[in-house]
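The lines below spell out each chain.
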Amino acid sequence: MLLAGAACLASGLLPGADFEILAVRTAPILLFVVAMTVVTELVSEAGLFQMVTDRIAVLGRGRVWLLWLLIVALATLSTVFLSLDTTAVLVTPLVVLLAVHAGIPALPFALTTVWLANTASLILPVSNLTNLLAQNRLALSPLDYARLVWAPSLVGLVVPLLIIAVAFRRQLRGRYGPQPRHQVTDRPLMVVSAVVLLFLLPPLVSGIPVQYPALVAAAFLLAAFAWKRPSALKWSMIPWRPLMLTAGLFMLVEALHANGLAALLAGIAGGGESLPALLQLAGTGALAANAANNLPAYLALEPVAGSPVRLAALLVGVNLGPLVSPWASLATLLWHERLQALNVSIRWSGFAVAGLVTVVLVLPVAVLLLWASSGMH
């Protein structure tokens, strides 16, 4: 994908002036992605996530439904403040292993993490790369952005959880026994990681450009690990493949826009801020995300969104909609990689049917609340 983007630039399909504008807009966002990935990888290496899941197992008091609710809280907080990819990559294996060790079905817990990784990722700019792009376009503070999308975000959180609770009500009954504890090899390093994470979260939602606090946190943790555990520092912490994919997609979609894509999509995505118009745009975004991927779907449709409310409707489509195909979001692909490593199998036909039912229920309600709440301003 990166080579395709570079070819577009070299051939003139992506004009140099357009590329410069694109680079100025997206380079800080990609820098943030790199810094946050390093932060979350090192926090995980320090054992903080393992300690949290150990505590969750204790707080569940042997009741499966209570354990599930605590995992819902963990996956939601991880997605909202640390991004959907963190939930897919770091929370999923811990949650699945917790279920396996407890002798309870792993599927409801695995499905909870991947659905929440997508549907809980609407409320803050840092939760999803699409949100950061939208915030950048609208020049909104994190608080103003949250005011715009709070109503559909609530739907994206509650409705999928109700569906899982009903569909897996039998598996979520019963009890589980005591769980094995993770051994913390370096408690001071874990405490330092927890403090860095605690101090990082407020700046991420303060309105400061998010790459700066993320870079400071990454630099601090890198220094701590270089001193205490240098063997943990590896180049593989940097998400090279997702970065190349994302940069290539940015360039490819920008080249398509330079050659008339927006005019083509304007007819498909419609216009206006009526309820049917917002449903049309959100539905188009969800279809495009499941056909290709939510990032190119957002980039392709962003120019025809036009207003804050229409842009929010597009985000509803590309954030709450990618629950059907495996490739609809990078988080789903990363989640599946982690499940394969744990020898947990997923039947994609069942995944797609459950996701389709959820999207059909979630999307109209989310757009309706967006439309209603936007009329209150």
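Residue numbers restart at each chain and count upward from 1, following the sequence in its written direction. Under the rules for a predicted model, residues below a pLDDT of 70 receive no local features and side-chain atom pairs below 80 are neither given nor counted, while totals for whole chains, interfaces and linings still include all residues. Hydrogens are left out, water is left out, and the side-chain values use all remaining heavy atoms of the structure.

**Section: the packing of helix α8 (residues 142-167) against helix α15 (residues 308-320)**
Piece 1. Structural elements are reduced to axes, namely lines fitted to C-alpha atoms, with helices fitted over the stretch in contact, and the angle between N-to-C directions of any two is expressed from 0 to 180 degrees. The helix and strand labels rest on DSSP assignments: H or I over at least four residues marks a helix, E over at least two residues marks a strand, and numbering proceeds from the N terminus. In the contact formed by α8 and α15, the axes pass within 10 Å of each other and the chain directions differ by 35 degrees. Where α8 crosses over α15, the handedness of that crossing is right-handed. On the side of α8, the interface is formed by Tyr-145, Leu-148, Val-149, Pro-152 and Gly-156, while α15 contributes Pro-308, Val-309, Ala-312, Leu-315, Val-316 and Leu-320.
Piece 2. In the scheme used here, Gly and all other residues not listed as nonpolar or charged are polar, with Ala, Val, Leu, Ile, Met, Phe, Trp, Tyr, Cys and Pro taken as nonpolar and Asp, Glu, Lys and Arg as charged. In terms of residue class, the contact of α8 with α15 is made up of 10 nonpolar, one polar and no charged. Put simply, a crossing is left-handed when the front helix is turned counterclockwise from the back one by less than a right angle, and right-handed when it is turned clockwise. The contact criterion used is simple: two residues touch if any of their non-hydrogen atoms lie within 4.5 Å.

**Digging into the confidence of the model for the protein**
Piece 1. pLDDT is a residue-level measure of predictor confidence that goes from 0 to 100. For the protein, per-residue confidence averages 90 on the pLDDT scale, and residues scoring 70 or more make up 99% of the total.
Piece 2. At the level of individual helices and strands, the protein shows its lowest average pLDDT in helix α12 (residues 261-269), which scores 79, and its highest in α15, which scores 96.

**A word on the packing of aromatic side chains**
Piece 1. We call Phe, Tyr and Trp rings a pair once their centres come within 6.5 Å, taking the six-membered ring for Trp, and we label the pair stacked below 30 degrees between planes, edge-to-face above 60, and tilted otherwise. Applying the stated criterion to the full structure yields three aromatic pairs.
Piece 2. Ring plane angle 80 degrees and centroid distance 5.0 Å describe the contact between Trp-348 and Phe-351, whose orientation is recorded as edge-to-face. Residue Trp-348 and its partner Phe-351 are both found in helix α17 (residues 348-374); the two are separated by three residues, about one turn of the helix.
Piece 3. We classify Phe-351 as buried; its relative accessible area is 6%.
Piece 4. Taken together through their ring pairs, the aromatic side chains of Trp-335, Trp-348 and Phe-351 make up a single cluster.
Piece 5. By definition here, charges over rings are those cases where NZ of Lys or CZ of Arg is within 6 Å of the ring centre and within 35 degrees of the ring normal. A cation over an aromatic ring shows up here: Lys-228 above the ring of Trp-227, its NZ or CZ 5.7 Å from the ring centre. For every residue, the accessible area (1.4 Å probe, protein chains only) is compared with the maximum for its type, and the residue is labelled buried under 20%, exposed over 50%, or partly exposed between those bounds.

**Remarks on the pattern of salt bridges**
Piece 1. One side-chain nitrogen of Lys or Arg within 4 Å of one carboxyl oxygen of Asp or Glu is enough to make a salt bridge. Summed over the entire model, instances satisfying the criterion amount to seven salt bridges.
Piece 2. In this structure, Arg-137 and Glu-302 form a salt bridge, with 3.3 Å as the shortest nitrogen-oxygen distance. Here Glu-302 lies in helix α14 (residues 294-305) and Arg-137 lies in helix α7 (residues 129-138), a separation of 165 residues in the sequence.
Piece 3. Across the salt bridge formed by Glu-337 and Arg-338, the nearest N and O atoms sit 4.0 Å from each other.
Piece 4. Among the residues examined, Glu-337 registers a relative accessible area of 37% and is labelled partly exposed.
Piece 5. Overall, the relative accessible area of 27% leaves Arg-338 in the partly exposed class.
Piece 6. When salt bridges that share partners are traced, they join Arg-25, Arg-137 and Glu-302 into one network.

**A few points about helix α3 (residues 48-59)**
Piece 1. To estimate how far a helix should reach, multiply one less than its number of residues by 1.5 Å. When the terminal C-alpha atoms of α3 are compared, their 16 Å separation across 12 residues agrees well with the 16 Å that a helix rising 1.5 Å per residue should span.
Piece 2. Buried within α3 are the following residues: Leu-48, Phe-49, Gln-50, Thr-53, Asp-54, Ile-56 and Ala-57.
Piece 3. Where the residues of α3 are buried, they touch α2 (16-45), α4 (64-82), α5 (84-102) and α9 (187-204).
Piece 4. Just beyond α3, the residue with positive phi is Arg-61, at close to 55 degrees.

**A few points about the environment of Ala-151**
Piece 1. Inspection of the secondary structure assignment puts Ala-151 in helix α8.
Piece 2. What makes Ala-151 buried here is its relative accessible area of 3%.
Piece 3. Once the C-alpha coordinates of Ala-151 and Leu-368 are considered, the two residues, 217 residues apart in sequence, prove to be 9.2 Å apart.
Piece 4. For Ala-151, the contacting residues outside a window of four places in its chain are Leu-369 and Ser-373.

**Observations regarding helix α6 (residues 107-119)**
Along an α-helix, residues three or four positions apart point the same way, because every turn accommodates 3.6 residues.
Piece 1. For α6, built from 13 residues, the straight-helix expectation of 18 Å at 1.5 Å per residue is met to within 8% by its first-to-last C-alpha distance of 18 Å.
Piece 2. The buried fraction of α6 is high, at 12 of 13 residues.

**Describing a nonpolar patch on the surface**
Piece 1. On the surface, a cluster of nonpolar side chains totalling about 470 Å² of accessible area is made up of Leu-2, Trp-235, Trp-240 and Met-244.
Piece 2. Checked against the element boundaries, Trp-235 lands in the loop between α10 (211-228) and α11 (240-258).
Piece 3. Residue Trp-235 is classed as exposed on the basis of its relative accessible area of 67%. What makes a patch is a set of residues exposed beyond 30% relative accessible area and free of salt bridges, joined within 9 Å when like-charged and within 5 Å when nonpolar (Val, Leu, Ile, Met, Phe, Trp, Tyr). Every accessible area reported is derived by Shrake-Rupley at a probe size of 1.4 Å, with residue values counting cover from the shown protein chains alone.

**Describing the nonpolar core**
Piece 1. Counting 128 residues, the largest nonpolar core has Phe-109 and Tyr-298 as the members making the most contacts within it.
Piece 2. Per-element accounting of this core gives the leading share, 11 residues, to α5. Side-chain atoms within 4.5 Å are what join buried Ala, Val, Leu, Ile, Met, Phe, Trp, Tyr and Cys residues into a set we call a nonpolar core.

**Some points on the environment of Thr-79**
Piece 1. Structurally, Thr-79 is set in helix α4.
Piece 2. C-alpha separation for the pair Thr-79 and Asn-118, spaced 39 residues apart in sequence, amounts to 8.1 Å.
Piece 3. Sequence-distant contacts of Thr-79, defined by excluding residues within four places in its chain, comprise Leu-84, Thr-87, Leu-116, Ala-117, Ala-120, Ser-121 and Ser-127.

**A closer look at the side chain of Asn-128**
Piece 1. In this structure, Asn-128 sits in the loop between α6 and α7.
Piece 2. Counted as a polar contact is a pair of N or O atoms within 3.5 Å, where, for protein atoms, one must be capable of donating a hydrogen and the other of accepting one, and residues adjacent in sequence contribute only when both atoms are in side chains. A polar atom in the side chain of Asn-128 sits 3.1 Å from the side chain of Ser-121.
Piece 3. Setting aside anything within four residues of it in sequence, one finds Asn-128 in contact with Leu-84, Ser-121, Asn-294 and Asn-319.

**So, the side chain of Arg-310**
Piece 1. Note that Arg-310 resides in helix α15.
Piece 2. Lacking a salt bridge, the buried Arg-310 has Glu-273 as its closest oppositely charged neighbour, with an N-O distance of 6.7 Å.
Piece 3. Separated by 2.9 Å, the side chain of Arg-310 and the backbone oxygen of Gly-272 make a polar contact. Note that His is not counted, nor are the chain ends; the positive residues are Lys and Arg, and the negative ones are Asp and Glu.

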